[in-house]
Amino acid sequence: MSASAETTISVPAPADFHVHLRQGELAQIVTKHVRQGGFSLAYPNLKPPITNTEQALLYRAQLQAIDPAVEYLMTLYLSPELTPDEIRKAARAGIVGVKSYPRGVTTNSEGGIESYEAYYPVFAAMEQVGMVLNLHGEVPSSAASNTCVLNAEPAFLPHLRKLHAQFPKLRIVLEHATTRAAVECVKSLGDTVACTITAHHLALTVDDWAGQAWHFCKPVAKYPDDRAALQEVVKEGHPRFFLGSDSAPHPAETKATATPTHACAAGVYTSPILLPLVAHLLESFGALDKLGGFVSTNGRAFYGRPVSEGDKQVVLRRASGKVVGIEGYGTGPTHVVPFWAGKEIGWEIVDEREEIS
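Note that the structure is predicted; figures quoted are calculated from it, not measured. (Residues numbered from 1 in each chain as written. Predicted model: local features only at pLDDT ≥ 70, side-chain atom pairs only at ≥ 80, totals over all residues. Heavy atoms only, no water.)

Enquirer: Can you help me understand the sheet that holds strand S3 (residues 41-45) in this one?
Expert: Backbone-to-backbone hydrogen bonds pair the strands of a sheet. The strands run either parallel or antiparallel. Pairing is parallel across the open sheet formed by three strands, whose spatial order is S2-S3-S4. Each edge of the sheet is formed by a strand with only one pairing partner; in this case those strands are strand S2 (15-20) and strand S4 (71-72). Judged from the two bridges that link them, S3 and S4 form a sheet pairing that is parallel. Bridge pairing links Leu41 to Glu71 in S4. (Pairing = 2+ DSSP bridges. Helix = DSSP H or I, 4+ residues; strand = E, 2+ residues; numbered from the N terminus.)

Enquirer: Any chance you could explain the environment of Ala279 here in plain terms?
Expert: In this structure, Ala279 sits in helix H11 (residues 274-284). Residue Ala279 is classed as buried on the basis of its relative accessible area, which comes to 0%. If we skip the residues at most four places from it in the chain, Ala279 touches Leu288, Leu291, Leu316 and Trp347. (Buried < 20%, exposed > 50% of the residue type's maximum accessible area, 1.4 Å probe, protein only. Contact = heavy atoms within 4.5 Å.)

Enquirer: How should the environment of Leu204 be read in this particular structure?
Expert: Secondary-structure assignment places Leu204 in the loop between strand S9 (193-197) and helix H8 (206-209). In sequence terms Leu204 and Tyr223 are 19 residues apart; their C-alpha atoms lie 8.8 Å from each other.

Enquirer: Mind showing me how you'd approach the sheet that holds strand S7 (residues 132-136) here?
Expert: With parallel pairing, six strands are arranged side by side in an open sheet as S5-S6-S7-S8-S9-S10. The sheet terminates laterally at strand S5 (75-77) and strand S10 (241-243), the two strands that pair on one side only. Across the sheet, the mean angle from the axis of one strand to that of its neighbour is 30°, orientation sign disregarded. With four bridges joining them, strand S6 (residues 97-100) and S7 adopt parallel strand pairing. Looking at S7, one finds that Ser100 is bridged to Leu135. Running over the sheet, helix H6 (residues 152-166) touches S7, strand S8 (171-175) and S9 and is turned about 170° from S8. (Axes fitted to C-alpha atoms, helices over the stretch in contact; angles between N-to-C directions.)

Enquirer: What should I look at first to understand the pattern of salt bridges in this one?
Expert: Oppositely charged side chains can form a pair if their charged atoms are brought close together. As enumerated under the stated definition, the model contains 14 salt bridges in all. When the shortest N-O distance is used, the salt bridge between Glu175 and Lys99 registers 3.1 Å. Separated by 76 residues along the polypeptide, Glu175 in strand S8 and Lys99 in strand S6 bring together distant segments of the chain. Note on Lys99: relative accessible area 2%, which makes it buried. With a closest N to O distance of 3.8 Å, Arg240 and Asp191 form a salt bridge. (Salt bridge = Lys/Arg side-chain N within 4 Å of Asp/Glu carboxyl O.)

Enquirer: Sorry if this is basic, but what is going on with the packing of helix H4 (residues 84-92) against helix H5 (residues 120-129) here?
Expert: Geometry of a packed helix pair, given as the angle between the helix axes and the separation of the axes. As a packed pair, H4 and H5 sit with axes 8 Å apart at the nearest point and diverge in direction by 25°. The angle between H4 and H5 falls in the class roughly parallel. Crossing of H4 over H5 shows right-handed handedness. Contacts between H4 and H5 involve Pro84, Ile87, Arg88 and Ala91 on the former and, on the latter, Pro121, Val122, Ala125, Met126, Gln128 and Val129. (Parallel < 35°, antiparallel > 145°, perpendicular 65-115°, else oblique. Left-handed = near helix turned anticlockwise from the far one by under 90°.)

Enquirer: In this structure, what is going on with H5? I would like to understand it.
Expert: Residues that lie three or four places apart on an α-helix share one face, since the helix turns once every 3.6 residues. Within H5, burial applies to Tyr120, Val122, Phe123, Ala125 and Met126. Lining the buried residues of H5 we find H4, S6, S7 and H6. Where H5 ends, the next residue or the one after it, Gly130, has phi of about 85°, a positive value.

Enquirer: Just checking my understanding: could you explain the packing of aromatic side chains for this structure?
Expert: Within this structure, the stated rule accounts for 16 aromatic pairs. Both rings, one in Tyr120 and one in Phe123, keep their centres 6.4 Å apart while their planes meet at 45°; by these two values the pair is tilted. One end of the pair, Tyr120, and the other, Phe123, are both in helix H5, three residues apart, so they sit about a helical turn from each other. Assigned by exposure class, Tyr120 and Phe123 land together as buried. (Phe/Tyr/Trp six-rings, centres within 6.5 Å; stacked < 30°, edge-to-face > 60°.)

As structure tokens, this is what we get:
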């Protein structure tokens, strides 16, 4: 039976290799959505950035207190304070990676890096201890270089090539790719370079976010051919491309509203519906049979977290007439509304207490 004809699908231990879980009251709401969306491993970001091992371990403990059933892989933020000694200390404590955000290109990136050469000793230490470098692959907008949100990702790719050439054994992940150029670049590099793709970038193009705040994120969705490239590499089942949702919750009052002096918040929130959404989207372009690789085994292999015999299988079943609710979750400053709200979705997670006939 073909994947498209299946009525149920079992996925081994889905893993989201890029998600925002916030802090405080909002974290109490959204952290629980990781497992609600079908996932048992999460790779979280944080504001303010985590710059040392103690901060990372504290944040992991806070997340575990909310939902201990999820495995949280922690990272540090690439900053001038980060040293090779701290890298070695972090690795001993189980910290998995380091995240880099060029200045000003994404939400909460004002402290981001401007030059990589100063961090070569840090990268050398990461290469030695096996940590992963996660790159937000855009350069800052600049009128002088004719750079804006639509071409900032291709402009970054020479930096990726240079870093890989300088540190060939350093595992690098280009996060949330949005262009054909990025896909082709990663495919051309060695086995230590991988790439995450979000669910929403498999669905959106420029026309979908221009004038629609709920679809606005950074990096922005690009042209139809770019979306096609993302879909094609997923359909190919390329082992170095896998899910990193970049699910980013913002209170509805900041997400839906812009003012003459403040833009709407950049971020698309997919965690509560993530696994059914990815199945729905992959089926739409004939890649449903690649679901397990894309949301689990590819990323787990790259990060050295393979599926084990004891890991839980998440079961999806076809849903008829199921619509993602527009009411969202939480209230007031914690009120968040997921992507795809008001639209029909073709799959749902089977509650583990249910019997599958």
